[in-house]
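If you want the building blocks of each chain, they are given just below.
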Amino acid sequence: MHGEVVSRKKIIAGNWKMNFTSQEAEVFLKKLVPLVKANMNSEIILCVPFVDIELAKRETTGTNIKIGAQNCYFEKSGAFTGEISAEMLRSLGVEYVILGHSERRTYFLENDKIINKKVKAALDENLKAIVCVGETAQQKEWLETNEVVFSQVSAALQGIKAEDLKNIIFAYEPMWSIGTGKTANFEIARRVCAYIKKIVKNLYEEQLPSDIATLYGGSVNAKNVKQILSKDTIDGSLIGGASLDVEEFSEIINIAEAIL
Ligand code: 13P
């Protein structure tokens, strides 16, 4: 198994960010559900705002669409006004949580230590963590991508047991490509995803049954997703803007299905 790229089902994860009231979410999901086939090979995830979770769970019951959150706090409970725990998410039937998104790192000053604690909290509640990593425009210019990715990946995994890695997905999201219409060069994205798999293997001394799943995110849409998903080390995509358009998002899902 060493050094092999294991082909797995493609993961299409939408990140709605701070968009859609419950009413808007309901309209979206009522349109999306009939567009998504019952038996999909791909893993479809929608990471919705906290307030839309209950509704999203209800609207997607019996479908292939899994619901995720976009953040959680690392403490179990207590005086942390405004925060949401991993247990609260779990109790609503949430299966995934995005952690360490660059918008959280930038606007909410989350550092690698905080993100690591959040990953542990999520895993403790049996949530699957989608951990985002990626360089800034300046770091890219200074050819520091690998260095940044290495430090973010290894920090996120501090103290995480090998057996829990199956519940972690890394999303390579170069910060300069998010919401800008500038996608990373697909070959570079392929290499960075390969590098993430290698970092994890090295950290765990190659004792992994299979590679860790890696997604690419940053200006992915229905036009470019096929090229991205065709790269052997890219197991799926984390999609922001294009996940807000129900026709485009379902087209992306169909493209992912056709690749299998
Ligand atoms: P865009 O697809 O809008 O560039 O956003 C990517 C992203 O941040 C997903 O988490």
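Quantities reported herein were computed from a predicted structural model and do not represent experimental measurements.

Peer 1: What's the story with the overall build of the protein chain in this structure? I'm lost.
Peer 2: Scanning the protein chain for helices and strands turns up 10 helices and 8 strands. What you see for the protein chain is a C-alpha radius of gyration of 17 Å, in line with the 18 Å of a compact globule of 260 residues. When the backbone C-alpha atoms are referred to their principal axes, the protein chain occupies close to 45 × 45 × 35 Å. In the protein chain, which comprises 260 residues, the proportion classed as buried is 51%. Contacts in the protein chain between residues at least 24 apart in sequence constitute 74% of all its contacts with a sequence separation of at least 6. By element, 51% of the accessible surface of the protein chain is carried by carbon and sulfur atoms, the whole surface being about 12,300 Å². For the protein chain, the distance from the average site of its 31 positive side-chain charges to the average site of its 34 negative ones is 2 Å.

Peer 1: Help me understand the nonpolar core, please; the structure alone is not making it clear to me.
Peer 2: Nonpolar side chains in soluble globular proteins tend to be buried together. In this structure, L32, L46, I168 and F170 are the most contacted members of the largest nonpolar core, which totals 67 residues. Among the elements that line this core, the one with the most residues is helix α8 (residues 186-203), at 7 residues. Setting aside residues no more than four positions away along its own chain, L46 makes contact with G14, W16, F28, L29, L32, I65, K66, I67, G68 and F249. Among the nonpolar cores identified, the runner-up in size contains 13 residues, and C47, Y96, I169 and A213 belong to it.

Peer 1: What exactly am I supposed to notice about the packing of helix α1 (residues 22-35) against helix α2 (residues 53-60) here?
Peer 2: For any two helices packed against each other, one specifies the crossing angle of their axes together with the interaxial distance. One can describe the packing of α1 onto α2 by two numbers: an axis separation of 10 Å at closest approach and a directional angle of 20°. Taken together, the axes of α1 and α2 lie roughly parallel to each other. Where α1 crosses over α2, the handedness of that crossing is right-handed. The residues of α2 that touch α1, namely those facing S22, A25, E26, L29, K30 and V33, are L55, A56, E59 and T60. Of the residues belonging to the contact of α1 with α2, the class tally is 5 nonpolar, 2 polar and 3 charged.

Peer 1: I tried to follow the packing of aromatic side chains on my own but got confused; where do I start?
Peer 2: Evaluation of the coordinates by the stated rule reveals 6 aromatic pairs. Seen in terms of ring centroids, Y73 and F80 are 5.2 Å apart; in terms of plane orientation they differ by 45°. Their pairing is tilted. Through pairs of rings, three or more aromatic residues link up here, namely W16, F20 and F28. Taking NZ or CZ as reference, R104 lies 4.1 Å from the ring centre of F108, over its face. The ring of W176 is capped by K140, whose NZ or CZ atom sits 4.8 Å from the centre of that ring.

Definitions and cut-offs
Residues numbered from 1 in each chain as written. Predicted model: local features only at pLDDT ≥ 70, side-chain atom pairs only at ≥ 80, totals over all residues. Heavy atoms only, no water. Helix = DSSP H or I, 4+ residues; strand = E, 2+ residues; numbered from the N terminus. Rg over C-alpha atoms; globule rule 2.2 N^0.38 Å. Buried < 20%, exposed > 50% of the residue type's maximum accessible area, 1.4 Å probe, protein only. Contact = heavy atoms within 4.5 Å. Areas by Shrake-Rupley, 256 points an atom, 1.4 Å probe, with all protein chains shown as cover. Lys, Arg positive; Asp, Glu negative; His and termini not counted. Charge placed at Lys NZ, Arg CZ, Asp CG, Glu CD. Core = buried A, V, L, I, M, F, W, Y, C linked by side-chain atoms within 4.5 Å. Axes fitted to C-alpha atoms, helices over the stretch in contact; angles between N-to-C directions. Parallel < 35°, antiparallel > 145°, perpendicular 65-115°, else oblique. Left-handed = near helix turned anticlockwise from the far one by under 90°. Nonpolar A, V, L, I, M, F, W, Y, C, P; charged D, E, K, R; others polar. Phe/Tyr/Trp six-rings, centres within 6.5 Å; stacked < 30°, edge-to-face > 60°. Lys NZ or Arg CZ within 6 Å of the ring centre and 35° of its normal.

Worth remembering: the numbers are spatial, not functional.
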